[in-house]
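Remarks on the overall topology
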Amino acid sequence: MTSHLSWNLVYDYRELLSFHFMLNAMRAGTIVAVVSGVAGYFMVLRRQAFAGHTLSVVGFPGAAGAFWLGANAAFGFYGFCVLAALIFATLPGAGRSAGRVGNQEPAVIGTVQGLALASGFLFLNLSHGFAGELNDLLFGVIIGVTDGQVIALLVSGVVCLLVLAAVARPLLFTSVDADVAAARGLHPRLLSAIYLVVLGVSVAATSQITGSLLVFALLVAPAATAVRLTARPALGVLLSVLIALAVTWLGEGIAFFSPYPIGFWVTTFAFLAFLLATGYHWAAARVRVPAAVTA
Amino acid sequence: MTTPARDVVRLVEAATQVGGRTIWSGVSLSIRAGEFVAILGPNGVGKSTLLRAVLGLQPTTAGQLQVLGAPAGRRNSAIGYLPQRRNFDPSTPIRGVDLVRLGWDGDRWGLPLPGFLRGGKAKQAQQRVDEVIELVGAAGYAHRPIGQCSGGEQQRLLIAQALVRRPELLLLDEPLDSLDVTNQAGVSRLIQRVCRAENVAVLLVAHDVNPILPYLDRVLYLAHGGAVIGTPQEVITAETLSMLYDTPIDVLHDRQGGLVVVGQPDLHGQHR
């Protein structure tokens, strides 16, 4: 999909959206960016990036298995992602910060991730899948999004956002301060389970568009960028969403006028945003220290 | 309230077990409103377990445990709790003021509406958060990320979080741990001030009795399964402490008549 970029951006934008597949790619990308921005913020706050990454990888064997059995890939994505989320929620140490010494979560999740990739590869082999399927499952089919898929994505996205809005405060409380939250009658394990299932659903929905490997770029990079820019939770969620939207729109727009895939552009812009924020964070810390000494 | 002078915490011959092992038993005590009591004793005697029992997070296996006129765990919204903890990681993306705010309404479901839509309620929350941050003297650093505050600053903010809902009882688990001597004295004075000013009963677990001794009303020593409670003058004697710790301990008097405990086994790293 190579179109020529003129210097009139309004004209370029109109031309881009005059293609229905591009309009749907923009719609899907927008939904995915908003949901990933919010869900990703909590993932970074809870230091569960590894669990989130594994959930996105687990969608691959699910979809490959569905492909092998002749079923809709969506069932595979949703089934495997939600099942894996429930398994992670029952691990000892779930509901606590994953960074704690003695927490077995990363070891168990890493083991699951290895098995997931291997079974996905096996299922594709069994179904005599071609490299094309592998490519689509891992790197997405953003260009081929149908109207029906956009609506399905919108429904699951709205459900995820509503659940996250309902549990936002207790989830924030248990994420940063599990002991005090428990003393106040909250259940860190239950909240962790709810969050992981929401993450599983949003990852499954997103993977169908972006593929198993690129979902992660939108889930972690904007949130990781946001927490380097602010320590205010509400502003952090907002920034995370805005950064996810910006890199998605920019990536999809540029990809339309270039011979390279959308996933590459989105991921690259997300990475650039992260680099800039890390640089800002580093510089701000250097500036603040002398100021604190003289104060 | 059935009795006019209700005890904030009342244990009668209470016992608890962890993993089938009896941690303490036959513990009887009552804490009154506005009292500052320290829980002391060797490692592993169940000091933190006692606080968790008061919160209803650890079941008692015998006797009675009443907290604020109800069985333990029923009235936790009127209890401020500061668990034993390590410091927040420097990269924790949350400010001290946010953490204090979570103490106010972090257990509510749903999103907080922006202030201009909620009106009085949001203003009230904001006022109380500011007030309690002022009370602990943390206004200067409450808007910094919590992980970038020093240990003493973090401890003050966490005390503010425990205080924000105007609790009747404050449970503090080793709040002086990992603080330097100046900060230990500062935080101890702060706790005593809050205890007097807001008439809050304080149960404070400590490793080392000396930094808090001047501020305490009573001390509770847990040791070898039992407990001894009384004023520092009654309990902190060479005979009682040597008996409790099963090792020779001296109690000295300084020029102002203050007590200093010497030879406390925990201070020398040999447990039991």
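So, here is what we can say about the structure in this document. (Residues numbered from 1 in each chain as written. Chains lettered and ligands numbered in written order. Predicted model: local features only at pLDDT ≥ 70, side-chain atom pairs only at ≥ 80, totals over all residues.)

Section: the packing of helix H2 (residues 96-105) of chain B against helix H4 (residues 120-135) of chain B
All names here are of chain B. Just so we agree on the cut-off: Every angle, taken between N-to-C directions, lies between 0 and 180 degrees, and every axis is a line fitted to C-alpha atoms, over only the stretch in contact when it is a helix. Strands are runs of DSSP state E lasting at least two residues, helices are runs of H or I lasting at least four, and both sets are numbered from the N terminus onward. Roughly parallel here means an angle under 35 degrees, roughly antiparallel means over 145, roughly perpendicular means 65 to 115, and every remaining angle is called oblique. Two helices that cross are described as forming a left-handed crossing if the nearer one is turned anticlockwise from the farther one by less than a right angle, and a right-handed crossing if clockwise. By the criterion used throughout, residues are in contact when their C-beta atoms, derived from the backbone, lie within 7 Å.
For the pair H2 and H4, interaxial distance at closest approach is 10 Å and the crossing angle is 120°. On the basis of the axis angle, H2 is oblique to H4. Relative to H4, H2 is oriented so that their crossing is right-handed. Seen from H2, the contacting residues are Val97, Val100, Arg101, Trp104 and Asp105; seen from H4, they are Ala125, Arg128, Val129, Val132 and Ile133.

Description of the sheet that holds strand S9 (residues 218-223) of chain B
Paired through their backbone hydrogen bonds, the strands of a sheet run either parallel or antiparallel. Residue and element names in this part refer to chain B. How we decide: Two strands are said to pair when DSSP picks up at least two bridges between them.
Across the sheet, 6 strands lie side by side as S6-S7-S8-S3-S9-S10; this open sheet has mixed pairing. Two strands in the sheet have a free side with no partner beyond their single neighbour: strand S6 (79-82) and strand S10 (226-230). Each adjacent strand pair in this sheet contributes to an overall mean axis angle of 15°, direction not counted. Pairing geometry for strand S7 (residues 169-173) and strand S8 (residues 201-205), over 5 bridges, is parallel. Following the sheet pairing, Leu169 is matched in S8 by Ala201.

A closer look at the environment of Val180 of chain A
Relative to the assigned elements, Val180 of chain A resides in helix H8 (residues 178-183). Expressed as a C-alpha distance, the spacing of Val180 of chain A and Ala223 of chain A, which sit 43 residues apart in the sequence, is 25 Å. Residues within four places of Val180 of chain A in sequence aside, it is in contact with Tyr81 and Pro83 of chain B.

Remarks on the nonpolar core
Threshold: In these notes, a nonpolar core means any group of buried Ala, Val, Leu, Ile, Met, Phe, Trp, Tyr and Cys residues linked to one another through C-beta atoms within 7 Å. Three exposure classes are used. Buried residues have 20 or more other C-beta atoms within 10 Å of their own C-beta, exposed residues have 12 or fewer, and partly exposed residues fall in between, all C-beta atoms being placed from the backbone.
Judged by nonpolar contacts, the single largest core of 178 residues is most densely connected at Cys81 of chain A together with Ala38 and Val202 of chain B. Looking at this core element by element, the count peaks at 16 residues for helix H2 (residues 20-45) of chain A. With near-sequence residues (within four places) excluded, Ala38 of chain B lies in contact with Leu204, Ala206, Val209, Ile212, Leu216, Val219 and Leu220 of chain B.

Some words on helix H6 (residues 181-197) of chain B
Residue and element names in this part refer to chain B. The test is simple: In this scheme, a helix's expected span is set at 1.5 Å multiplied by one less than its residue total. An arc is given here, and it is the one of the directions from the helix axis to the C-beta atoms.
Between its first and last C-alpha, H6 extends 24 Å over 17 residues, near the 24 Å set by a 1.5 Å rise per residue. Taken as a whole, H6 has its buried residues at Gln184, Val187, Ser188, Ile191, Val194 and Cys195. Seen from one end, H6 has its buried residues packed into an arc of 125°, which puts them on one side. Exposed side chains of H6 directed beyond 90 degrees from the buried face belong to Thr182, Arg196 and Ala197. Taken together, the buried residues of H6 touch strand S3 (36-40), H4, helix H5 (151-163), S7 and S8. Asn199 occupies a position one or two residues after H6 and carries a positive phi of about 55°.

What about the interface of chain A and chain B?
Inclusion rule: Under the scheme applied here, ten amino acids are nonpolar (Ala, Val, Leu, Ile, Met, Phe, Trp, Tyr, Cys and Pro), four are charged (Asp, Glu, Lys and Arg), and all others, including Gly, are polar.
Taken together, the contact between chain A and chain B spans 24 residues of the former and 23 residues of the latter. Of all the secondary structure elements, the ones that give two or more residues to the side of chain A that touches chain B are helix H7 (147-176), H8 and helix H11 (233-256) of chain A. Top contributing element to the side of chain A that touches chain B by residue count: H7 of chain A, with 9 residues. Here the residues of the side of chain A that touches chain B sort into 17 nonpolar, 2 polar and 5 charged.

As for the sheet that holds strand S2 (residues 21-31) of chain B
All names here are of chain B. Here we have 4 strands laid out as an open sheet, ordered S2-S1-S4-S5, and antiparallel in their pairing. The open sheet has two edge strands, S2 and strand S5 (70-71), and neither has a second partner. One ladder, built from 6 bridges, connects strand S1 (residues 9-18) with strand S4 (residues 60-67); its direction is antiparallel. Residue pairing in the sheet places Val9 in a bridge with Val67 of S4. Lying over the sheet, helix H1 (residues 47-54) contacts S1, S2 and S4, oriented at roughly 115° with respect to S1.

So, the environment of Val34 of chain A
Residue and element names in this part refer to chain A. With respect to the helices and strands, Val34 occurs in helix H2. Here the alpha-carbon distance between Val34 and Gly157, two residues 123 residues apart in the chain, equals 8.4 Å. Beyond its immediate sequence surroundings of up to four residues, Val34 is in contact with Gly157, Val241 and Leu245.

Here we look at the packing of helix H10 (residues 215-229) of chain A against H11 of chain A
All names here are of chain A. Two numbers describe how H10 lies on H11: the axes approach to 8 Å, and their chain directions differ by 130°. Looking at the two axes, H10 sits oblique to H11. The handedness of the crossing between H10 and H11 is right-handed. Here H10 contributes Leu218, Pro222, Ala223, Thr225, Ala226, Val227 and Leu229 to the contact with H11, which in turn contributes Gly236, Leu239, Ser240, Ile243, Ala244, Val247 and Thr248.

A closer look at the pairing of S9 of chain B
Residue and element names in this part refer to chain B. As judged from the 4 bridges shared by S3 and S9, these two strands associate in the parallel manner. Across the sheet, Ile39 pairs through a bridge with Leu220, a residue of S9. Pairing analysis gives 5 bridges linking S9 to S10, with the strands arranged antiparallel. Looking across to S10, one finds that Val219 is bridged to Gly230.

Notes on unusual backbone geometry
Phi at Arg47 of chain A takes a positive value of approximately 55°, unusual for a residue other than glycine. Here Arg47 of chain A shows up in the loop between H2 and helix H3 (49-69). Taking the number of C-beta atoms within 10 Å as the measure of exposure, Arg47 of chain A has 19 and is therefore partly exposed. Even without glycine at this site, Arg166 of chain B takes up a positive phi of about 50°. Tracing the chain through its elements places Arg166 of chain B in the loop between H5 and S7. Of the residues examined, Arg166 of chain B has 11 C-beta atoms within 10 Å and is grouped as exposed.

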